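# Overview (structure and organization)
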Number of protein chains: 2
Amino acid sequence: MRLIGETAWRETAGRVERELRSILEGLDCPGLIRESMGYSLLAGGKRIRPVVMIQLCELLGGREKDVMPLACAIEMIHSYSLIHDDLPAMDNDVLRRGKPTNHVVYGEAQAILAGDGLSNLAYEVILHALPEDPAVRTGFLKAAAYLSRCAGVCGMGGGQCMDLLAEKEPASLETLTELERLKTGALLRASLVCAAFTAGREDLISSLETYGDAIGLLFQIQDDLLDAVGDEALLGKSIGKDALAGKTTFVSALGIEGAAQAARDYRDRAEEALGSLPDAARSYLKDLTADLLERDH
Amino acid sequence: MRLIGETAWRETAGRVERELRSILEGLDCPGLIRESMGYSLLAGGKRIRPVVMIQLCELLGGREKDVMPLACAIEMIHSYSLIHDDLPAMDNDVLRRGKPTNHVVYGEAQAILAGDGLSNLAYEVILHALPEDPAVRTGFLKAAAYLSRCAGVCGMGGGQCMDLLAEKEPASLETLTELERLKTGALLRASLVCAAFTAGREDLISSLETYGDAIGLLFQIQDDLLDAVGDEALLGKSIGKDALAGKTTFVSALGIEGAAQAARDYRDRAEEALGSLPDAARSYLKDLTADLLERDH
């Protein structure tokens, strides 16, 4: 898959990676917890949320250095949610990005603490990096408040709760859509909205929320398609688990062709929402939609 | 046990309880996660951290309404840490405050999410309740930053990690002291320091840190004594587990008399640290020390 301007993407992702590493190295904490947090946080991945947050913020007139703490925070939140999702009591996954999952390496108790540590560290980083400039600080704090809502039980956490319930009783397509809007969509949406708040462009937030909801669902439908027909080696994780567990997915509800069509419908809805954005930001997010739709891992 | 002015304590604790309940009720989230978070968060308890934070803040010239979000946040952090500590992979406790623990009632997966939800909600509450007044807001944000450090892997989370390690290899008295300074002490210290920051009394923080470290250890020694000789019914939790697990405690390291003496030594150290405080605050914290030393549950 391409991700927009590939070189620029890799460079921004590299700066995020270095910042995450530097934050972990700067912590005055027991070595084991630093190591176990780093094992998952620094395991690579496409860094979609932080890179989009930073690049969109710049396209809207903001500065990378102002938004970087929020970008690191959202990646920490994403990473902690994966560690806890993989636990034996949750999805019981042993493979993630081609590596053994956190609890396989460090044990369940330590993996719970590593997740807790990353969740808290997200806010520790934010609260210790408030921008000096009063106007930027105000936008930054609004972004942080928005992120916290999206990460919590009204966002991602609520989606995870619904996901557990859907294991016991298969969800309707409507419930599945709401579940995924929260579980996957909330953080993607937060990455866009945090960019706008930090850049002082509150006028764009409603459009970005609509766009974010649409690409969140598009992203998840693509995930379900890859889980049904993708390449396990390329994906770096076990596939076919949802089908085996009898859980509703967009593929089980709509069939492969129906799911692919739904993804294209969400692409159209996403593009419609971009009308009010400045040209450069609109073009950037249009490319992002295409890349998410065409991804193979 | 007394806790300082008993009626005033109960009244403040009651207002914290109502605020916590109101926050949970106001969340637009799945009913099950609200219920499972509330099961632990609203299970009573002495509310030591939020009550001390509020009452000390007022004695230092601050206002309850300004510090209340931080007080709720610290109780959420304390509550989430208990839910995760009780999990089968951690301490595997089935009883807490006389009730079945969270995972016994809701299952392990849901208990992990309830803990995650409360941890995040702490910051969600803080970030959505920034005081209007610029000076108060600055102190409030410094308090929030301090709290986040104390809750994370450089504080409570690091202490929990050391505690896991101490299960494999018995800790020395020195390691145990550092472990407990983080695991139990960090949040107690945060409750004092957040009060001072919010009241705009940064000049008192160093004294309060010294006092907080001392009462954190005093509190934990008392816990170990109660675990060795306390009344299970009064405590509302299983006792004698640490001794059975072969873990170092202040009682195993120092004996019952030695531990009681160490607690009195920390009391003296705590009182010495109070010299620079205004009279009312000094007298309040002196009473707090005595109450913690004499508690039987």
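Structure's up top.
So, here's what we can say about the structure.

With that out of the way, let us pick up the overall build of chain A. Of regular secondary structure, chain A possesses 15 helices and two strands. Principal-axis analysis of the C-alpha atoms gives chain A an extent of 55 × 50 × 35 Å. Within chain A, the fraction of its 297 residues that count as buried is 60%. Looking at chain A as shown, the accessible area adds up to about 11,100 Å², and 49% of this sits on carbon and sulfur atoms. Taking the average place of the 31 positive charges on the side chains of chain A and the average place of its 46 negative ones, the gap between the two points comes to 3 Å.

The final tally for this structure, using the stated rule, is five aromatic pairs over all chains. Aromatic side chains A:Tyr146 and A:Phe197 sit 6.2 Å apart centroid to centroid with 55° between the ring planes, which places their arrangement in the tilted category. Taken as a pair, A:Tyr146 in helix 7 (residues 134–151) and A:Phe197 in helix 10 (residues 185–198) lie far apart in primary sequence, 51 residues in all. The exposure classification of A:Tyr146 matches that of A:Phe197, with both residues buried. Ring centres of B:Tyr39 and B:Tyr106 lie 5.6 Å apart, and the angle between their planes is 75°; this geometry places the pair in the edge-to-face category.

Attention shifts here to the relation of the copies chain A and chain B. Between chain A and chain B, the superposition needs a rotation of 180° and an axial shift of 0.0 Å, giving an RMSD of 0.0 Å. Each copy turns onto its partner about a two-fold axis.

The partner chain B presents 42 residues to the 42 residues of chain A that form the contact. In terms of surface lost to chain B, no three residues of chain A exceed A:Asn120, A:Leu127 and A:Val153, which account for 17% of the buried area on that side. Our count for the chain A to chain B interface comes out at two salt bridges. Note that B:Glu124 and A:Arg149 form a salt bridge whose closest N and O atoms lie 2.7 Å from each other.

Rules of the game
Residues numbered from 1 in each chain as written. Chains lettered and ligands numbered in written order. Predicted model: local features only at pLDDT ≥ 70, side-chain atom pairs only at ≥ 80, totals over all residues. Heavy atoms only, no water. Helix = DSSP H or I, 4+ residues; strand = E, 2+ residues; numbered from the N terminus. Buried < 20%, exposed > 50% of the residue type's maximum accessible area, 1.4 Å probe, protein only. Areas by Shrake-Rupley, 256 points an atom, 1.4 Å probe, with all protein chains shown as cover. Lys, Arg positive; Asp, Glu negative; His and termini not counted. Charge placed at Lys NZ, Arg CZ, Asp CG, Glu CD. Phe/Tyr/Trp six-rings, centres within 6.5 Å; stacked < 30°, edge-to-face > 60°. Least-squares fit on C-alpha atoms with pLDDT ≥ 70 in both. Contact = heavy atoms within 4.5 Å. Buried area = accessible area lost by both parts, 1.4 Å probe. Salt bridge = Lys/Arg side-chain N within 4 Å of Asp/Glu carboxyl O.

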